[in-house]
Protein chains: 2
Amino acid sequence: MPQTKTRGAGGTDTVEDIVIEACPVREVLDRVAGKWSILIIVAAARGPVRFTELERSIDGISRRMLTLTLRNLERDGLLRRTVYATVPPRVEYELTDIARELHQSLLSLTDWAERHRATISAARVAYDAGRLTEEG
Amino acid sequence: MPQTKTRGAGGTDTVEDIVIEACPVREVLDRVAGKWSILIIVAAARGPVRFTELERSIDGISRRMLTLTLRNLERDGLLRRTVYATVPPRVEYELTDIARELHQSLLSLTDWAERHRATISAARVAYDAGRLTEEG
DNA sequence: CGGTATCCGCTGTGATACTG
DNA sequence: CAGTATCACAGCGGATACCG
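Parameters at a glance
Residues numbered from 1 in each chain as written. Chains lettered and ligands numbered in written order. Predicted model: local features only at pLDDT ≥ 70, side-chain atom pairs only at ≥ 80, totals over all residues. Heavy atoms only, no water. Near = heavy atom within 4 Å. Polar contact = N/O pair within 3.5 Å; in protein donor to acceptor, adjacent residues only side chain to side chain. Helix = DSSP H or I, 4+ residues; strand = E, 2+ residues; numbered from the N terminus. Expected span 1.5 Å × (residues − 1). Buried < 20%, exposed > 50% of the residue type's maximum accessible area, 1.4 Å probe, protein only. Arc of directions from axis to C-beta. Core = buried A, V, L, I, M, F, W, Y, C linked by side-chain atoms within 4.5 Å. Contact = heavy atoms within 4.5 Å. Pairing = 2+ DSSP bridges. Salt bridge = Lys/Arg side-chain N within 4 Å of Asp/Glu carboxyl O. Phe/Tyr/Trp six-rings, centres within 6.5 Å; stacked < 30°, edge-to-face > 60°. Lys NZ or Arg CZ within 6 Å of the ring centre and 35° of its normal. Nonpolar A, V, L, I, M, F, W, Y, C, P; charged D, E, K, R; others polar.

S.K.: Sorry if this is basic, but what is going on with the protein's contact with DNA strand D here?
M.R.: Among the 19 residues in the neighbourhood of DNA strand D, the closest are listed as A:T52, A:T67, A:R81, A:Y93 and B:R64. At a separation of 2.6 Å, a phosphate oxygen of DNA strand D approaches a polar side-chain atom of A:R81. Of all the secondary-structure elements, those providing two or more residues to the surface near DNA strand D are helix 4 (51-57), helix 5 (63-75) and strand 3 (90-95) of chain A together with helix 5 (63-75) of chain B.

S.K.: Whenever I open this one, helix 5 of chain B confuses me. Can you help?
M.R.: All names here are of chain B. The terminal C-alpha atoms of helix 5 lie 18 Å apart, and with 13 residues this matches the ideal 18 Å at 1.5 Å per residue to within 8%. Buried within helix 5 are the following residues: L66, T69, L70, L73 and E74. For helix 5, the buried positions fall inside an angular range of 135° around the axis, keeping them on one side. Looking one or two residues past helix 5, G77 carries a phi angle of roughly 75°, positive in sign.

S.K.: Even after reading the chapter, I still don't get the nonpolar core, so can you show me in this structure?
M.R.: If you look at soluble globular proteins, the nonpolar side chains tend to sit buried side by side. By size, the foremost hydrophobic cluster in this structure holds 66 residues, and its most contacted members are A:L102 and B:L102. Setting aside residues up to four positions removed in sequence, B:L102 forms contacts with A:L109, A:W112, B:V28, B:V32, B:I41 and B:L78.

S.K.: Explanation requested: the sheet that holds strand 2 (residues 79-84) of chain A in the structure shown.
M.R.: All names here are of chain A. On the basis of which strands lie adjacent, the open sheet formed by three strands has the order 1-3-2 and antiparallel pairing. Of all the strands in the sheet, the pair left with one neighbour each is strand 1 (49-50) and strand 2. In terms of strand pairing, strand 2 meets strand 3 through six bridges, oriented antiparallel. Across the sheet, the residue bridging to R81 is Y93, located in strand 3.

S.K.: Would you mind going over the environment of A:C23 with me for this structure?
M.R.: Tracing the chain through its elements places A:C23 in helix 2 (residues 23-32). In this structure the C-alpha to C-alpha distance between A:C23 and A:S37, which are 14 residues apart in sequence, comes to 20 Å.

S.K.: Explanation requested: the environment of B:R71 in the structure shown.
M.R.: As for its placement among the helices and strands, B:R71 is situated in helix 5. With residues near it in sequence (within four places) discarded, B:R71 still touches A:Y127, B:R81 and B:Y93.

S.K.: Is there a simple way to explain the pattern of salt bridges in this structure?
M.R.: Side chains carrying opposite charge are able to pair once their charged atoms draw close together. Scanning the model with the defined rule gives 19 salt bridges over all chains in all. Here B:R75 ties to A:D128 by a salt bridge, and the two come within 2.5 Å at their closest N and O atoms. Separated into two different chains, B:R75 in helix 5 and A:D128 in helix 6 (residues 97-135) make up a pair that spans both. Relative accessible area serves as the criterion here: at 32%, A:D128 is assigned to the partly exposed category. Across the pair B:R63 and B:E55 runs a salt bridge, and its minimum N-O distance is 2.8 Å. A single salt-bridge network, built from bridges that share partners, covers A:R31, A:D76 and B:R124.

S.K.: Explain the packing of aromatic side chains to me, please; I cannot follow it from the model alone.
M.R.: One pair of aromatic rings is described through two measures. These are the centre distance and the angle between the planes. Counted by the stated rule, this structure contains zero aromatic pairs over all chains. The aromatic ring of A:Y84 is capped on one face by A:R90, whose charged end is 5.9 Å from the ring centroid.

S.K.: What is the right way to look at the protein's contact with DNA strand C in this model?
M.R.: As a structural note, the neighbourhood of DNA strand C is formed by 18 residues, with A:R64, B:T52, B:T67, B:R81 and B:Y93 the closest of them. Taken together, the sugar and phosphate atoms account for 62% of what DNA strand C places within 4 Å of the protein. A distance of 3.0 Å is found between a phosphate oxygen of DNA strand C and a side-chain nitrogen or oxygen belonging to B:R50. B:R71 places a side-chain nitrogen or oxygen 3.0 Å from a phosphate oxygen of DNA strand C. Put simply, the parts of the chain that give the surface near DNA strand C at least two residues each are helix 5 of chain A together with helix 4 (51-57), helix 5 and strand 3 (90-95) of chain B. Examining the composition of the surface near DNA strand C, we find that four residues originate from one element, helix 5 of chain B, more than from any other. In terms of residue class, the surface near DNA strand C is made up of eight nonpolar, two polar and eight charged.

As structure tokens, then:
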């Protein structure tokens, strides 16, 4: 993320400053933005989950994407991967402490989404209707 | 988002149920996931902002993407667009109430990101180092 | 000033097949 | 069971040019 602007010295925040302050948010989102990351975090929030368990739980995910997303989350230290040397192999994924914290933060987002779901939906319909009548 | 699974009736939540509960989160994220949405929300959080002002504030955004993102946010009812019939034209964007709420929720995410930024960075380096030694 | 229109490359994602 | 490899493709986003 090439946000290389220097920060205005002292005084009141400019719009630029505020945008710069938003970078950490971008970092979270880049980390969690994938189509599947959140689903996995939520699914793993209750305790260790196995690969196949995740595959079955998450509707529509491909093996490839499950693996990729899992790896990225592990890389970022959000998931811990434990391999049991049994046969057949058994691999478990569980949230790290910081991922658990993240999961908590996501709750306020979920809450927001649930409270305004209808409003947003309506806004969308209204907007599209407007576009239609004013040109068609 | 084709999450069409039916919910298990009564009893304890299964992993499936939990993933389904995550959908609202996905909705938020889909709405806000774009590369620029968050930056715009944060930049508009203090009050009305003009188009050019945003263009200058947000480092690296193209005109095209600014317009597109603005339109999407407006469509979802997160931004209000006001056109003043002056010359030269003047267009202002401001957050709606629900967007303001969203902005508040984002704060807990920012906080998380800031607190664990270093940890995550380290985790990444460690992970990559591990990959290297165990194969190279 | 505040946009649209067009072209185009890149990355994320899916489908499918193979493996320790 | 838990992956990896390969191919193919859609859509996001960038660059550039033009318009009311």
